[in-house]
Structures are given as C-alpha cells and as structure tokens.
Amino acid sequence: MKLNTEFYHLPFRFDSAQLEQELSQISESDWFFHVPTDAGDSSIILISAGGLPNHDFALAGQTKPTHLMAHCPYFGQILSTFNIPISRCRVTRLKAGAETPVQRADNYHWFRRVSLYIPLVTNPTVKLFCNDKSIHMASGDTWIFDQTMKHWMINGSAEDCFHLIIETKGSSAIEKKLLQPEQICAPGYSPNDFYAQEMPSSPKDQNSIVLEPYCFEVLTPQEISELTDDILSGAEQSKMLQAEFLNLVQSMEDFRSQWKKAFSRFGHHPTGELAYQDLILDFNEQIVPNVNKILSPDSKGRYAMEVIRSMLTMSPPEPKRLSRLLLTKNRLKSKQKIHMSQERLTEIFPEPQFDRPLFIVSPPRAGSTLLFNTLAHFPNLWTIGEESHELIEGIEALHPSSHEFSSNRLSEKDAPHPVAQTLKKRFVRELQDRDGCAYLDLPVSQRPLQIRFLEKTPKNALRIPFLKTVFPEALFIYLYRDPRENISSMVECWRSRRFVAYRDLPGWPYKEWSFLLPPGWSALQNSSLVEIAAYQWNAANSCILDDLQALPQDSWRLIRYADLIQNPGETIREISRFAQFHWDQRIEQVVSQSLPVSQMTLSTPSPEKWRKQEREISMILASVEAIEHRVAQL
C-alpha cells in the first residue's frame, strides 16, 4: 500500500506513562537484537509469525501474540482500539546517541503493508527521517508511515528511546478506519491543531485484537503487469540500447504470460508454490541481470523488481557480508578437498578394517547434524567430516539414474563386492579424526588397522539393507523427531533452496528437488510443500522401521531428538554404552553443557517453531499417525 505522503498524524493519543510502566516489567533477556548488533537497535516482539521471537514476515505463518502480550494489557488495548488486521507488532529500542542504518523496505511484505508508530519514551532530539523530510513524534501520539520510502531514525539524546510499531495490511482498513480526511494532520502541524481522541488505560480482553489471517498469497497477473510496466518504463528512460530494450520487452511479455497461466491454474493455493518459485527464478536469471545496473536505487522500477524477486521470501535475508564470508570459506574448503581427493585417487594403500561402523539414520532435518557433530568428539572415532552424498552417488551403480530415478532406495542387491570395495576405498580417502587430521596424511606405520567409523547422510534412511551388506558389523542409531517439528523444518529448507539434491530431475515439472527421493515421489507433482515434506518424512521413517526391525535387536537403538536436546549427557552416554565408545574428558566437557546450534540451522531453534505453519501441518497429521504409533511401541 502506498501512502500519498511520508507520514500521517492519526487522531489517537495514548497514555505513554502507562505504556512505559508495562515496558519496564519486561526482562532484558526478552529483547531481540537486530543485525548488525552495533547499530544499537533491538526489539521486544509482541505479535509475530507463530507467536515466536522472530522477525519473520507474516508470509511465514499465522500471526499470533507472543507470551509477552500477557504482561502488557494496555498494549493489548491499543491494538484492539485500531481494529485493523495486525501483521506484526514490536517495541523497538534505540540506544542513546545511536542511529539506525538507512533502510528501504522494497519487498513483497511491505508491498501490502504500512506501519503505525507510537512513541513510548522519547525527547525532542529523536527524529524519524523519510526521504527529505523529518518529524519528531511526541510520546503517546500515533503516526502512520510508509516503510517503502528511504528512512532512518536518530536518537541524539543521552537516553534510550522506545517506540511501539504496529504493521497492518490492506489499504481499505486504513482509509476507512484511520485516515478520515477531516482528521488528517499534514506533516509539520502541531498535534493540537486537530482533535485527538484520548485513550486512557482501560485494558480490554486481548482476544479482541484483530490478527492478519495467514494465507498463501502471490501477486495477481494485474499486479505483475503494473510492476513490470514500472521496470520497463525505467529501462526505457535509461541508456539501454534499442535492441536490448526490445529483447527485455519480449522477456517481460513471456514472464507475464507464464505468470498468468500459473495463476489461472493455482491462484492463491499452496500447491502452486514451486511453480511460482520457478517463474521467479526465471525472472532472476533472464530479466534482473539486464536491468539491475541501469535502474537507480530509488526508482519505481527498482522497487518493482525487488517486490517480484522477494515474493516468496518468508524472513529477512542474512547480512550479505556474512553470507559472502561463509560462501568464500565453503569454496576454499571444496577446492582443497577436490585437490586432495584427486591426489589420493591414485594412491595405493592398505585398507583398514571397519570395526562396528555407526550409521545415524533419520529423515532430513531430524537433528542428525547435531548428533553427528557431538559424537564426532569421541576419541578414536573417524568420519569424513560431512555427509556422503557425492561419495555414494559418485559410484555410477549407486546413483538414482541407474534405477531410472525411481528413488534413493538401495538394497543388498546393490552391493556386489566390487561396489562395496569401491565405496570403502572412497570413505577411507576422506577419513579424518576428531581434530581434522586425515587418515592418509598419517605415516603408513601410524595408520590404525581397525577404525571406528561414524557416518550420517539422511538418504541412508532408504539404504539400511545396502549398508548392512557392505558393512556386516554395522550399528545404527535411529534418530526420531516429532513430525510437526521435523516436517516444518523440512518445509523451511525447501523454501530456502539451500538443500537442493537434484536439478532438472526427470519426471519432475519443477527446476529443483530437495532432500531424499522416496519411492513414489513422482506422484507429488500437485502437492504442496507441506504434503511433499510429510511424504518424505513418512517414507524415511517407514523404511527405517521396516529395515531395522529385520535386524538383530542389539544392532540398533532408537534415540529421540527431544531427549538429545533436553538431556544431552544422558543421551550421549546411552549411545556410548551401545556403541562401546571410549569416554574421555573432551566428550564429557561437550555434553556437560547445552549442545551448540548446528551450522545447518536456518533460524533460531525452538520446539514451538512449527506453529508458524500450524494450519498446514494440522492437515497432514493424520498421515503420520501410523509412524508415531509404531515408534511409540518401541
């Protein structure tokens, strides 16, 4: 929603002293610091996606109050007073002398939303800047603000300042309920120039707060047409060559046509998410590079481009400087590993005996990385340091293409002696101890002839018979996680596109497939991401249960993710007794405290995080009941 000016002064005034009093009762530990943290900007989250302490956009899930709302009755009264659909709500704190970075919310979330600002604690030096204008907002007053304009705030005083920020969606609610022409005060006028309704503290039932209903929602063909017109207009006014401009026009027409076709089929339905994602990927690849350098940062065309690109983004992106650093480290690590692997391919070495290798089997996102990284601290335990996707599927006979991409399922029939020996050699070439020392870097005389090996790859949930054939002494840890948490995490990762297993998968109409390929995957073409993730979860757990229960009982153990998180010491000791690992001071130190967050974690861990997708997940819970019952019987 675009306002006609930067700020509107609304005819509401609240008791700032009461607001400050409620604010003082909130613990310092409840403040959620922004990135970068040195900006002096932090928030108390009152309403968010899933009711959790996050900055996720409303697109991420159902908007709900956080637990802090129970301690803030007057805040609740304010929200119910406006009677508008609330997308998010928070109290922000700007430290004394601090200045927020210049921002412009040019994304899909803000395409449909505006913010209400109510100062709680402020002084005349605190100003909000927007484009070439600035205002000081007095305590208790109410202003409405368009976040899509370039803006920042400065606190020039020696005291912290606090503001209540309410995000709301839809122009009709604002125009009908708040922006009545006779009550609008133009920027620069005194609050006394018009009648402001006083709102003393008289807390109401917070159930009367109107929350934005969650729904899967994309731009309509009409909106796509208007936004792409803005891009073309900006390109036409630039110095783009005529031939390039005509090519851009054709690409834009193709994009519009494909979007209209997809919208006609799916509309605002989650089964169309991957189709829309593919179109946005095409937009990024075919259109954005041609206009990215010619559109000025503050132009309508740039804004339109970013709105389209961010349409399916559920949370603010990580800071680019951190992402680049991580990407550089990963690239260097990959280059070093490729170089080392090429050298070792030609090396002839005596193979060690794999003594009771331990395989962690679970669906994706069940916590296997956390468990693997913890167990890797045991002495005399060897790993390859990461998952073995490439090591296994790099053997032609084990790649799903050898089975016409039917699935990642491997059985004892897929483990003839030559294949088994090749796989063992590939593992040995990558072995490293808990300090990162490579097995093949040791002098031959110092290489142990028997090794305890630890491995985890989620696709191995479908390969237990194969692994048991290759490694007859193999032991298995079955890591089980609550389906609501597990499936929610899988959906989050599908959307992140950081866990793509296959691209241009034969028989799949979309560009990418994430995680394992379960038998029957090709029937999921008309399914939502929640349904796809639930199918993968069911297939992985079903295979694990069937295959493990066919093995001797002393060759596997069930470990619950909740126990690993709540009682890491006891859980790891249970695994140590089962696998007969040697316990030492280092592993004792690791499990004597809370386990660190896995490097594969996308957002702040929480057992309630799944509630952002509670409505969608509730629709697939019946499909996972059979697995839950089987696990309960164990």
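Residues numbered from 1 in each chain as written. Predicted model: local features only at pLDDT ≥ 70, side-chain atom pairs only at ≥ 80, totals over all residues. Heavy atoms only, no water.

**Q** So what's going on with the packing of helix 1 (residues 16-24) against helix 2 (residues 73-82)? Residues and values would help.
**A** At their nearest, the axes of helix 1 and helix 2 sit 8 Å apart, and the two run at 130° to each other. In terms of their interaxial angle, helix 1 and helix 2 are classed as oblique. Here Gln 18, Leu 19, Glu 22 and Leu 23 of helix 1 lie close against helix 2, whose contacting residues are Pro 73, Tyr 74, Phe 75 and Ile 78. Looking at the contact of helix 1 with helix 2 residue by residue, the classes come out as six nonpolar, one polar and one charged. (Axes fitted to C-alpha atoms, helices over the stretch in contact; angles between N-to-C directions. Helix = DSSP H or I, 4+ residues; strand = E, 2+ residues; numbered from the N terminus. Parallel < 35°, antiparallel > 145°, perpendicular 65-115°, else oblique. Contact = heavy atoms within 4.5 Å. Nonpolar A, V, L, I, M, F, W, Y, C, P; charged D, E, K, R; others polar.)

**Q** Lay out the pairing of strand 3 (residues 41-49) in plain terms, naming residues and giving numbers.
**A** Most of strand 3 is tucked away, with nine of its nine residues classed as buried. As paired elements, strand 2 (residues 32-33) and strand 3 share two bridges and run antiparallel to each other. Following the sheet pairing, Phe 32 is matched in strand 3 by Ser 43. Here strand 3 runs beside strand 5 (residues 86-94); their pairing, made up of six bridges, is antiparallel. From the neighbouring strand, Ile 44 faces strand 5, where its bridge partner is Val 91. In this structure, strand 3 lies alongside strand 4 (residues 63-65), joined through three bridges in antiparallel fashion. Along strand 4, the bridge assignment pairs Ala 49 with Thr 63. (Buried < 20%, exposed > 50% of the residue type's maximum accessible area, 1.4 Å probe, protein only. Pairing = 2+ DSSP bridges.)

**Q** Give me the nonpolar core: which residues, what numbers.
**A** In globular proteins that are soluble, nonpolar side chains generally tend to be buried together. Counting residues in each nonpolar core, the largest one holds 112 residues, and the members touching the most others are Phe 476 and Trp 513. It is helix 16 (residues 529-548) that provides the largest number of residues to this core, a total of 11 residues. If you look at the next biggest cluster of nonpolar residues, it comprises 34 residues, including Leu 23, Tyr 74, Leu 79 and Val 114. (Core = buried A, V, L, I, M, F, W, Y, C linked by side-chain atoms within 4.5 Å.)

**Q** An account of the packing of aromatic side chains is requested, with residue identities and associated values reported.
**A** Under the criterion given, the structure shown has 28 aromatic pairs. A centroid spacing of 5.6 Å and a plane angle of 90° characterise the contact between Tyr 117 and Phe 145, whose relative ring orientation is edge-to-face. With Tyr 117 in strand 6 (residues 113-121) and Phe 145 in strand 9 (residues 141-145), the pair connects residues that are 28 residues apart, well separated along the chain. A residue is classified by how much of its surface remains accessible, and Tyr 117, at 7% relative accessible area, is buried. A network of ring pairs unites the aromatic residues Phe 216, Phe 255, Trp 259, Phe 266, Tyr 276 and Phe 283 as a single cluster. The ring of Tyr 561 is capped by Arg 481, whose NZ or CZ atom sits 4.4 Å from the centre of that ring. For Arg 573, the ring lying beneath its charged end belongs to Trp 583, and the centroid distance is 4.0 Å. (Phe/Tyr/Trp six-rings, centres within 6.5 Å; stacked < 30°, edge-to-face > 60°. Lys NZ or Arg CZ within 6 Å of the ring centre and 35° of its normal.)

**Q** I'd love a proper account of the pattern of salt bridges, names of residues and values included.
**A** Evaluated as defined, the whole model comprises 32 salt bridges. Of the charged contacts in the structure, one is a salt bridge between Asp 141 and Arg 13, with a shortest N-O distance of 3.1 Å. Linking Asp 141 in strand 9 with Arg 13 in strand 1 (residues 7-14), this pair joins segments that are 128 residues apart in sequence. You can call Asp 141 buried: its relative accessible area is 3%. Where Arg 481 meets Glu 485, a salt bridge forms, and the shortest distance between an N and an O atom there is 3.3 Å. Here the two residues Arg 481 and Glu 485 agree in accessibility, since each one is buried. Ionic contacts of the salt-bridge type, sharing partners, join the residues Arg 112, Lys 169, Glu 217 and Glu 223 into one network. (Salt bridge = Lys/Arg side-chain N within 4 Å of Asp/Glu carboxyl O.)

**Q** Just give me the short version of the sheet that holds strand 10 (residues 151-155), but keep the residues and values in it.
**A** Neighbouring strands of a sheet are bound in pairs by backbone hydrogen bonds; such pairs are parallel or else antiparallel. Sheet architecture is open: three strands sit in the order 8-7-10, paired in antiparallel fashion. Edge positions in the sheet fall to strand 8 (133-135) and strand 10, since each has one partner strand and no second. Each adjacent strand pair in this sheet contributes to an overall mean axis angle of 20°, direction not counted. Where strand 7 (residues 126-130) and strand 8 come together, three bridges link them in antiparallel fashion. Looking at the pairing, Leu 128 lines up with Ile 135 of strand 8.

**Q** Residues and numbers for helix 7 (residues 273-286), please.
**A** With 14 residues, helix 7 should reach 20 Å at 1.5 Å per residue; the first-to-last C-alpha distance of 20 Å fits that figure. Helix 7 sits mainly inside the fold: 10 of its 14 residues count as buried. What helix 7 keeps buried is the set Glu 273, Leu 274, Ala 275, Tyr 276, Gln 277, Asp 278, Leu 279, Ile 280, Leu 281 and Phe 283. (Expected span 1.5 Å × (residues − 1).)

**Q** Could you give me a rundown of the pairing of strand 14 (residues 358-361), with the residues and numbers involved?
**A** The alternating pattern of strand 14 places Leu 358 and Ile 360 and Phe 359 and Val 361 on opposite faces, both of which are buried. Summarising the sheet, strand 14 and strand 16 (residues 450-456) pair through three bridges and their orientation is parallel. The partner of Leu 358 across the bridge, within strand 16, is Leu 454.

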